[in-house]
Amino acid sequence: MKKWELLHSEQLIKDKWSDVRKNSYKKNDGSVIEPFYIYGFPDYATALAITKRGTVIVERIYRPGIDEIILELPGGCVDPTDTMLETAIERELLEETGYKFEQIEYLGKISPNPNTNTNVMHMFLATGGEEDPTAVRDTEEEVEVLELEWDQFIEDFKSQRFVQSMQTSTILYALMKLNKLIVY
């Protein structure tokens, strides 16, 4: 197996949030596939965040793409100024939830769509969370922060109230790490 040969790439959009290219590729059998769109987005980081009391921090947020208010894990884009991935998730947790965590553990990375997207989601488990009264919250996205008891969090997960696929993967990896994987 060899990579396809890139014949041509045309930049269609390039801004802070998106990089869209129209490419042409020569496949291994000699055939050409075009147009083939590549979508570049920043890498993301998200965490299953657990407080010192054992509650799980989640967010209720409106998502225009599916026109619904949904539950999500805290997280966001990895910024170019973030020196490490842990720095990115610490910043996102503090900005979005107002909480700091005693321990943040990297769980790995996944791709939203390796066929067309260039970015990955970095997954974390954050434990020992405590509200920081000096935190300056980011108000751009209008996030409602909730603390769910563990049983309610598991029920919401099993009821598919979390619909963002990369975040459901983060939940599954965190449950495996915690030895609490749910079996139906």
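Just so we're clear, the structure is a prediction, and the values are computed from it rather than from any experiment.

A.B. asks: Just give me the short version of helix α1 (residues 85-97), but keep the residues and values in it.
C.D. replies: Two residues of an α-helix separated by three or four positions point the same way, owing to the 3.6 residues in each turn. Under the 1.5 Å per step criterion, the end-to-end length of α1 is 18 Å for 13 residues, consistent within 8% with the ideal 18 Å. Within the sequence span of α1, burial applies to A88, I89, R91, E92, L93, E96 and T97. Positive phi shows up at G98, right after α1, with a value of about 85°.

A.B. asks: Would you mind going over a nonpolar patch on the surface in detail, with residue names and values included?
C.D. replies: Taken together, the side chains of L12, I13, Y37 and Y39 make up a nonpolar region of the molecular surface, amounting to roughly 330 Å² of accessible area. At the level of secondary structure, the elements contributing two or more residues to the nonpolar patch comprise β1 (5-14) and β3 (32-40). With respect to the helices and strands, Y39 occurs in strand β3. Take Y39: its relative accessible area is 30%, and that puts it in the partly exposed class.

A.B. asks: Explain the nonpolar core residue by residue, including any values.
C.D. replies: Residues L48, V56, V58, W150, F153, F162 and I171 are the most contacted members of the largest nonpolar core, which totals 22 residues. Those elements that place two or more of their residues in this core are β4 (44-51), β5 (56-63), β9 (103-110), β10 (121-131), β11 (144-148), α2 (150-158) and α3 (165-177). Discounting chain neighbours no more than four positions away, the residues touching V56 are L48, A49, I50, L146, E147, L148, W150 and F153. Among the nonpolar cores identified, the runner-up in size contains 13 residues, and A45, I89, L93 and I104 belong to it.

A.B. asks: Describe the environment of I69, with residues and values.
C.D. replies: Structurally, I69 can be placed in strand β6 (residues 68-72). I69 has contacts with R60, I61 and Y62, leaving out every residue within four places of it along the chain.

A.B. asks: Before we move on, can you summarise unusual backbone geometry with the specific residues and values?
C.D. replies: The residue after E34, namely P35, is reached through a cis peptide bond having omega -10°. You can see P35 is positioned in strand β3. Of note, D67 is a non-glycine position whose phi angle comes to about 55°, a positive value. Along the polypeptide, D67 turns up in the loop between β5 and β6. On the basis of relative accessible area, D67 is assigned to the exposed category, the value being 56%. Phi is positive for N179, which is not a glycine, with a value near 55°. On the secondary structure map, N179 appears in the segment after α3. A relative accessible area of 72% places N179 in the exposed class.

A.B. asks: Can you explain the packing of aromatic side chains? Please cite residues and give values.
C.D. replies: The way to describe two aromatic rings as a pair is by their centre distance and the angle between their planes. On inspection of all chains with the given rule, the structure shows seven aromatic pairs. Grouping aromatic residues by their ring pairs yields a cluster made of W4, Y25 and F36. The residue whose ring lies beneath K180 is W150, and the NZ or CZ to ring-centre distance is 4.9 Å.

Rules of the game
Residues numbered from 1 in each chain as written. Predicted model: local features only at pLDDT ≥ 70, side-chain atom pairs only at ≥ 80, totals over all residues. Heavy atoms only, no water. Helix = DSSP H or I, 4+ residues; strand = E, 2+ residues; numbered from the N terminus. Expected span 1.5 Å × (residues − 1). Buried < 20%, exposed > 50% of the residue type's maximum accessible area, 1.4 Å probe, protein only. Patch = residues over 30% accessible without salt bridge, like charges linked within 9 Å, V, L, I, M, F, W, Y side chains within 5 Å. Areas by Shrake-Rupley, 256 points an atom, 1.4 Å probe, with all protein chains shown as cover. Salt bridge = Lys/Arg side-chain N within 4 Å of Asp/Glu carboxyl O. Core = buried A, V, L, I, M, F, W, Y, C linked by side-chain atoms within 4.5 Å. Contact = heavy atoms within 4.5 Å. Phe/Tyr/Trp six-rings, centres within 6.5 Å; stacked < 30°, edge-to-face > 60°. Lys NZ or Arg CZ within 6 Å of the ring centre and 35° of its normal.

In short, geometric facts, not functional conclusions.
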